[in-house]
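Summary of structural features
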Amino acid sequence: MAYKDFKSYLYANYKELIQIHIEAFINKNYNELGLSYVREFSLCPRTVEGIEIKSLCCHEDVDSRIRMEIYCDVKLVTLGFEKVKVQTNKIIKYFTVYAQATLSNKLEDFCIDNIKECNPDEFDKVRFLDEYLIPYIPYEQLEDEADRFYKLYCENVPYFDLLRLPIESIIEELGIEYYEAPLPKNVFGRMYFIPSKEEVYESIPYTITGRNEKRTVMKEIKAGTMLISHDNYFMKDIGSRLNTIAHEIIHWEKHQKFFKILSLLNENENSLSCIVEPVMTPNNLEGIQKAIWWAEWQANAIAPRILMPRAIFIGLFSQVFEEQMHTPHFRNGDIIEKTLDKVSKLFSVSKYAAKTRAIQLGIDVAEGAYTFVDNKYYPPVFFPIGTLGRNQTFIVDKATAQKLIEGNRCLGKLVENKAIIYTGSVFCINDSRYIEVSENSQEEYKLTQYALEHAEKCCLIFQRSFSKDVFTQEAELYSVFYLSRNVTASSYVEAYYDSKFTHNQEVEDIAAQLSIINKALAEVNKVIKELPDKFESTLKYHMKRKKISISKLAERTELSDTTIKNYTSGRVNPSLDNLMAIFIGLNLLEPYCDDMLDKAGYKLNNLYLHEIYRYLIKNHSDGNIKQWNDVLKAADFEKIPKNKLLEEPLVP
């Protein structure tokens, strides 16, 4: 028979015993319980009708003994003198039943030590994990817990290189055996808590091929045996063989009593299967399934921490990074990837596990390494350490990007105006310093080498979490795992865009300003391509484009109508000084001025006057001739236009 939780097991097997003790306690202490004011309770025998176990708190004791605090509510009734029940349905009392038992393959020697009246508020104070003897390990204490384990099992191991976890020594001390086995594809490991007969792999010596081959055999295995998969790992490419072993070691070190409770609740259960793809949150789980989730979460959370202890990891990462910095011809992002690759090999873990560990320890630059989005690899992005806060990322997949564009008006407008470009992995400022056309037909744009090295200058930052409605530190752990591997992350983790975040505000402002500039440059380039070859035709083109007539231009330049007509007809070539008056009269941008200078046969050199002209062209194309003349006067030069007699007719 299977039970949904430990409370159900106790209710089914010990309800009558608990009820007998509560009735005896009530009949002995009814005055102290405040029942003497009820006439029936003072005259008639009292009994319990309707007992419910509301919560349960278990404690480990000596050896296999456990102590239990069983919180119950009971409905009290009395028996009349003729054995007729007196209706006292409204009298409900709450009790704590103190019991103990031996927890082995069965719950043996169950006995009740004491009973006390309690406040029903105490029911809610019992932590869920206490029912199953699963230790309570807050997220903030995971590192301390890993340090405790490392100090206990690793520090005094002889011939230990301080990097690869001394598995052989630990499993010997804990009395664990392990075998590789043909486990289902969705399982990377199993820990057996009662003896069993299972199929495992056995090496075949002296094969004809000379390769290390194996066969399956049925084997009697004892409690405390782990079976590990040869092909399947935690989250596919996050885990490794060593990670699987460490995971099962954590189970045996912390969850042996829980395993025994598990076997009580389902007599057909002999092991705990550790699945490749864990459920992100226990919110929709109940009873034993919720307890199993927490046991798995603890093993998944602690295993990488004991495989890569924080102090050793940080020191090793810094050392390897410095070594890789001296490797020529590599970008910083490539160096981070090479560092993670080497560190992972030294610890005998996957590179994605090393990436996750680095992020956990505040090395946020690892976030930009080994970037797989929608099953496509993108070059690593680099940024100064400390750029990203907790649960922040530059990287989003296509499905998430589309949601962000549709859900955020500000971001959507920037993308629509092409001020911001989504490259397939990041949102980046659309500027030639940061964005270039991709040679890959699947992506229109890609980051430039400069952008890859300076993501903090040009890319938007997003906040990630598991759900809009539910965010816990436990789900956060899994979200980091998911974002470190080759998956479509939006299937597991959501990203949110905060346009009020200071970094994003700065990027948005730069993008908007550059968008205006780039549009203006695009318009300039378009006009340049349309300009005629000759000076006079170009002058007429600009006058038409700017909708300025001969008389209006004469007024704006302080030249005569005749002079303007001579210029537009090609009969006279303007002097350099009068050409400057034409520039300000038409308010021409610098590229147009350079074009007309070239067509009129002039070139600005390093003469001081020419430098003043260049300054005016570059910085004051939106002014008027008076403003230009004020600048010239301040520099002690004549105003423009000058004597037209200096001009010469063009050679026919």
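The sections below set out a description of the structure shown in this document. What you see is a predicted model, and the numbers here were worked out from it, not measured in a lab.

A few words now on the sheet that holds strand β11 (residues 271–275). Taken together, four strands build an open sheet; the order of strands is β6-β10-β7-β11 and the sheet is mixed. Bordering the open sheet on either side are β6 (177–181) and β11, each of which pairs with just one other strand. Between one strand and the next, the sheet's axes are offset by a mean angle of 20°, whatever the strand orientation. Inspection of the sheet shows β6 paired to strand β10 (residues 225–229) by five bridges, in the parallel sense. If you follow Y178 over to β10, its bridge partner there is M226.

Moving on, we get to the packing of helix α12 (residues 398–407) against helix α13 (residues 409–416). Where α12 contacts α13, the axes come no closer than 5 Å and their chain directions differ by 105°. In terms of axis orientation, α12 runs roughly perpendicular to α13. Across the interface between the two elements, L404, I405 and G407 of α12 pack against R409, L411, G412 and V415 of α13. Each residue belonging to the contact of α12 with α13 can be placed in one class, and the counts come to four nonpolar, two polar and one charged.

The subject of this paragraph is the environment of P166. The topology assignment puts P166 in the loop between α4 (142–153) and α5 (167–174). The spatial distance from the C-alpha of P166 to the C-alpha of E155 is 9.8 Å, given a sequence separation of 11 residues.

On to the pairing of strand β19 (residues 462–465), then. As paired elements, strand β14 (residues 392–393) and β19 share two bridges and run antiparallel to each other. Within the sheet, the bridge partner assigned to Q392 lies in β19 and is Q463. Where β19 lies against strand β20 (residues 494–496), three bridges are found, and the strand directions are antiparallel. When the bridges of β20 are listed, Q463 appears paired with Y496.

What follows concerns the sheet that holds β19. Here we have three strands laid out as an open sheet, ordered β14-β19-β20, and antiparallel in their pairing. Each of the sheet's edge strands pairs with one partner strand only, and the pair in question is β14 and β20.

Here the focus is the nonpolar core. Among the nonpolar cores identified, the biggest contains 152 residues, and F6, L10, I70, L107 and F427 are the most heavily contacted of them. A total of 13 residues in this core trace back to one element, the largest contributor, which is helix α8 (residues 287–307). Here L107 is in contact with F6, Y9, L10, Y14, I66, A101, T102 and L264, once residues within four sequence places are set aside. The next biggest cluster of nonpolar side chains, apart from the first, holds 38 residues, and it includes F535, I548, I584 and L588.

Our focus in this paragraph is helix α6 (residues 241–254). Its 14 residues place the ends of α6 20 Å apart at the C-alpha level, agreeing with the 20 Å of an ideal helix rising 1.5 Å per residue. Of all the 14 residues making up α6, 12 are buried; the element is thus mostly covered by neighbouring parts of the structure. Here α6 has its buried residues at L242, N243, T244, I245, A246, H247, E248, I249, I250, H251, W252 and K254.

Below, the discussion takes up unusual backbone geometry. Residue P641 follows I640 across a cis peptide bond; omega there is 0°. Locating P641 in the fold gives a position in the loop between α24 (625–634) and β22 (648–649). Look at N375: it is not a glycine, yet its phi comes out positive at around 65°. Summarising the element assignment, N375 is placed in the loop between β12 (371–373) and β13 (376–378). Judged by its relative accessible area of 56%, N375 falls in the exposed class. Phi angles above zero are rare outside glycine, and N587 is one such case at about 50°. Summarising the element assignment, N587 is placed in the loop between α21 (576–586) and α22 (590–600).

This paragraph deals with the packing of α4 against α6. At a minimum axis distance of 13 Å, the contact between α4 and α6 shows a crossing angle of 90°. With respect to each other, α4 and α6 are oriented roughly perpendicular. Residues E145, R148, F149, L152 and Y153 of α4 touch α6, and the partners they reach there are I249, I250, E253 and K254. When grouped by side-chain class, the residues that make up the contact of α4 with α6 number five nonpolar, no polar and four charged.

Calculation rules
- Residues numbered from 1 in each chain as written.
- Predicted model: local features only at pLDDT ≥ 70, side-chain atom pairs only at ≥ 80, totals over all residues.
- Heavy atoms only, no water.
- Pairing = 2+ DSSP bridges.
- Helix = DSSP H or I, 4+ residues; strand = E, 2+ residues; numbered from the N terminus.
- Axes fitted to C-alpha atoms, helices over the stretch in contact; angles between N-to-C directions.
- Parallel < 35°, antiparallel > 145°, perpendicular 65-115°, else oblique.
- Contact = heavy atoms within 4.5 Å.
- Nonpolar A, V, L, I, M, F, W, Y, C, P; charged D, E, K, R; others polar.
- Core = buried A, V, L, I, M, F, W, Y, C linked by side-chain atoms within 4.5 Å.
- Buried < 20%, exposed > 50% of the residue type's maximum accessible area, 1.4 Å probe, protein only.
- Expected span 1.5 Å × (residues − 1).

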